[in-house]
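Listed below are the residues making up each chain.
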Amino acid sequence: MGTDHWKHADPRPRRRRDPDNPYRVFSTGIDTTSPRYYLAFTDGCGARHCLEIDKDLFEAFDQFELEDISQMHRIDRHYEQSEQTEISLYKRAACQLEDVEETVFHQLEAEALYRAIGELPEVQRRRLTLYYFDGLTYEEIAKLEGCSYPAIMKSVSIALREIRKIFPG
């Protein structure tokens, strides 16, 4: 048999293969009355070979492949459970932790922002806090403070402009 059989489509789904397994089995004409079964392999010299085999031998190699895949999955699960290092857990984390420098930088930024908010006039500070930190809408703040929507919007807008002057970050 020539090596052209390597290119024929096998109706079986593609399988993960152990890189140490030199054998590959495939079939052609499975939907016909005379299916053919093949064993392909690369020998130690790197030459490819393809041999036609009978159905029993094909099924034995096919079963071996399935058992080999099952063993690879067991090994993967073992490695997965045994290699629970800090680095492997960090790589799989849904939310990546930030390193010390990022944490310190964000803390310093937050402190500067709170200082800038603290320097605002009391009315602007209160309205800005209600809007951004308490999640109230301009309408809710206006109703709470007994003033108009445009007054709240203008107050929050001025407060943001002042914060940007003090804290450009």
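Residues numbered from 1 in each chain as written. Predicted model: local features only at pLDDT ≥ 70, side-chain atom pairs only at ≥ 80, totals over all residues. Heavy atoms only, no water.

Asks: Mind showing me how you'd approach empty space enclosed by the protein here?
Replies: Sizing a probe to match a water molecule and rolling it over the atoms shows the empty space that remains. For the structure on display, the rule yields two cavities of 30 Å³ or more. Looking at the second largest cavity, the residues that line it are Asn-21, Tyr-23, Arg-24, Val-25, Phe-61, Phe-64 and Glu-65. At the level of elements, β1 (23-28) and α1 (55-82) are the ones that each hand at least two residues to the lining of the second largest cavity. Looking at side-chain class alone, the lining of the second largest cavity contains four nonpolar, one polar and two charged residues. (1 Å grid on protein atoms, 1.4 Å probe; cavity = no way out; pocket = protein on both sides within 12 Å on 5 of 7 lines; lining within 4 Å. Points joined across faces, edges and corners; volume = space filled by probe spheres on them. Helix = DSSP H or I, 4+ residues; strand = E, 2+ residues; numbered from the N terminus. Nonpolar A, V, L, I, M, F, W, Y, C, P; charged D, E, K, R; others polar.)

Asks: Would you take a moment to explain the pairing of strand β3 (residues 48-53) for this structure?
Replies: The side chains of a regular strand alternate between both faces of the sheet. One ladder, built from six bridges, connects strand β2 (residues 36-42) with β3; its direction is antiparallel. Looking at β3, one finds that Leu-39 is bridged to Leu-51. Counted along the chain from β2 to the antiparallel partner β3, the turn is five residues long, and its residue Gly-46 has a positive phi close to 90°. (Pairing = 2+ DSSP bridges.)

Asks: For this particular structure, what's the right way to read the sheet that holds β2?
Replies: In a beta sheet, neighbouring strands are held together by backbone hydrogen bonds and run either parallel or antiparallel to one another. With respect to topology, three strands assemble into an open sheet ordered β1-β2-β3, the strand pairing being antiparallel. Edge strands, defined here as strands with exactly one partner in the open sheet, are β1 and β3. When the angles between neighbouring strand axes are averaged without regard to direction, this sheet yields 25°. (Axes fitted to C-alpha atoms, helices over the stretch in contact; angles between N-to-C directions.)

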